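For reference, the chains in residue letters:
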Amino acid sequence: MRRLVCSFLILVSLHSFGQSYQKVHNKAIVIDTHNDVLSEVTMKGLNIENDLTGKSHSDIARFKRGGIDIQVFSIFCDERFGKDTAFKFANIEIDSLYAIVARNPEKMMIVTNPKELQQAVKQKKLGCMIGVEGGHMIEDNLDNLNALYKRGARYMTLTWNNSTSWATSAMDETAHADSLKSSPKGAGLSDFGKQVVKRMNQLGMIVDLSHVGEQTFWDAINSTTKPVIASHSDAWTLCPVFRNLKDDQLRAIAKNGGVVHLNFYSGFVDSNYNKNKAAFLHRHQSEVDSLKSLKWANYEVEEWTAKEYPQEVEAYRPNLSQLLDHLDYIVKLIGVDHVGLGSDFDGIESAPRPLDDVTAYPLITKALLERGYSKKDVEKILGGNFIRVFQANQTTN
Ligand SMILES: [Zn+2]
């Protein structure tokens, strides 16, 4: 009998915890600062108005199920787009977001300022924000930056993996450190790069430091007059890869009042994942070589191979707890006011178990509460911190 009563009590408390984490999640404003599904929509013709379960991480119905209030959609094209094509392509992606929102006015709205953000939450619509991933899309022209702002872009990642003529990327500063040292331009932001940061500050477009090299990071953070974000990056100390942020960079973001949004990519969370991935790709070398001979980019080859052999990739996925170890680490180092979520869903071939798609966000809330974070802190992490930075980047005119 005692055992029965005991099990009953455990069941009751589990049930009420289940309800309470979902309640906390529903009450919070949940914001994700980086999702790449729009490039999939534009390049591969996916329609997020349909159920794309099994084909993508995201669609409109699943955003809803994940309790996401605000999604920043990434505008992305890689370095194969350049002069006369990158800016055009960015606009085509923005066109496709506007078209989706226009077809679903009862479910979605475009958000360009904090007031609209609150309206979207109140009306229970998915608030759609625009973030440009890669400074190459302005094609070295401040008029194009102005134009992207006018069309709703509210952050820009100064570089993607490719450098621009005015800012060096994390990939180039890591892989080509010697040639950069000997080149007259060197690493970091050029004078024009500093003008870009200045114009972004004037417009109210948040400077995003994910993807930039360390020198660019320091030049930008010393130039900006507004709080910055890293829209999708993790902690280098826990997973030392070129895209993650070192402790002194994390401290500088806190000092600037900015926010680091955690990237869910398994390869930025867990360094074992990268060793296993290298072995996996080696096992499928002939396919990898044929795709590369067709001029596919590395990320496309990796995505294709992962989709072709899902069970093999599944075997070496890290766990959610490892992602949250990054969060704990950053919170201990710089405080709970400087961390958020920027999944990179639909731009990555693997996320920690059980983060299978955008419906998984309540599980993060559950795990945060289990780790002892207060409701107030969870609200900051899920979206409150980003709102603070968004607000601080507003201009008065
Ligand atoms: Zn990225």
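Remember, predicted model here, so these are calculated numbers, not experimental data.

**Q** How would you sum up unusual backbone geometry? Please name residues and give values.
**A** In this structure, the amide linkage connecting Arg353 to the following residue, Pro354, adopts the cis form with an omega of -5°. If you trace the backbone, Pro354 turns up in the loop between β9 (339-341) and α18 (361-370). Backbone geometry at Asp84 places phi at a positive 70°, although glycine is not the residue there. Tracing the sequence through the fold places Asp84 in the loop between β2 (70-76) and α4 (86-103). Overall, Asp84 belongs to the partly exposed group, its relative accessible area being 48%. Backbone geometry places His211, a non-glycine residue, at a positive phi of 80°. Within the secondary structure, His211 sits in the loop between β6 (206-208) and α10 (214-223).

**Q** Can you lay out the nonpolar core for me, pointing to particular residues and giving the numbers?
**A** Ranked by internal contacts, the top residues of the largest apolar core, which has 103 residues, are Met156, Leu158 and Phe264. The element contributing the most residues to this core is α4, with 8 residues. The next biggest cluster of nonpolar side chains, apart from the first, holds 17 residues, and it includes Ile31, Met129, Val259 and Phe386.

**Q** Quick one: what's the story with the packing of aromatic side chains, residue by residue and with numbers?
**A** The full count for this structure, using the stated rule, is 16 aromatic pairs. Note on Phe217 and Trp218: the rings are 5.1 Å apart at their centroids and 80° apart in plane angle, and the pair reads as edge-to-face. The exposure class of Phe217 is buried, given its relative accessible area of 0%. When the ring of Tyr265 is compared with that of Tyr273, the centres are 5.8 Å apart and the planes differ by 75°; the resulting orientation is edge-to-face. For the pair Tyr265 and Tyr273, a shared accessibility class is recorded, and that class is buried. Taken together, the aromatic side chains of Tyr265, Phe268, Tyr273, Phe280, Tyr309 and Tyr316 make up a single cluster linked through ring pairs.

**Q** Just give me the short version of the coordination of the zinc ion, but keep the residues and values in it.
**A** The coordination sphere of the zinc ion contains the protein donors Glu133 (OE), His211 (NE2) and His232 (NE2), at a distance range of 2.0 to 2.2 Å. Of note, the zinc ion draws all its donor residues from one chain, in the sequence arrangement E-x77-H-x20-H. Residue His211 is located in the loop between β6 and α10, and its partner His232 is located in the loop between β7 (229-230) and α11 (247-256); the two are separated by 21 residues in the primary sequence. Like His211, the residue His232 is buried in the burial classification.

Calculation notes
- Residues numbered from 1 in each chain as written.
- Predicted model: local features only at pLDDT ≥ 70, side-chain atom pairs only at ≥ 80, totals over all residues.
- Heavy atoms only, no water.
- Helix = DSSP H or I, 4+ residues; strand = E, 2+ residues; numbered from the N terminus.
- Buried < 20%, exposed > 50% of the residue type's maximum accessible area, 1.4 Å probe, protein only.
- Core = buried A, V, L, I, M, F, W, Y, C linked by side-chain atoms within 4.5 Å.
- Phe/Tyr/Trp six-rings, centres within 6.5 Å; stacked < 30°, edge-to-face > 60°.
- Donors = N, O, S within 2.8 Å, 3.2 Å for Na, K, Ca; no water.

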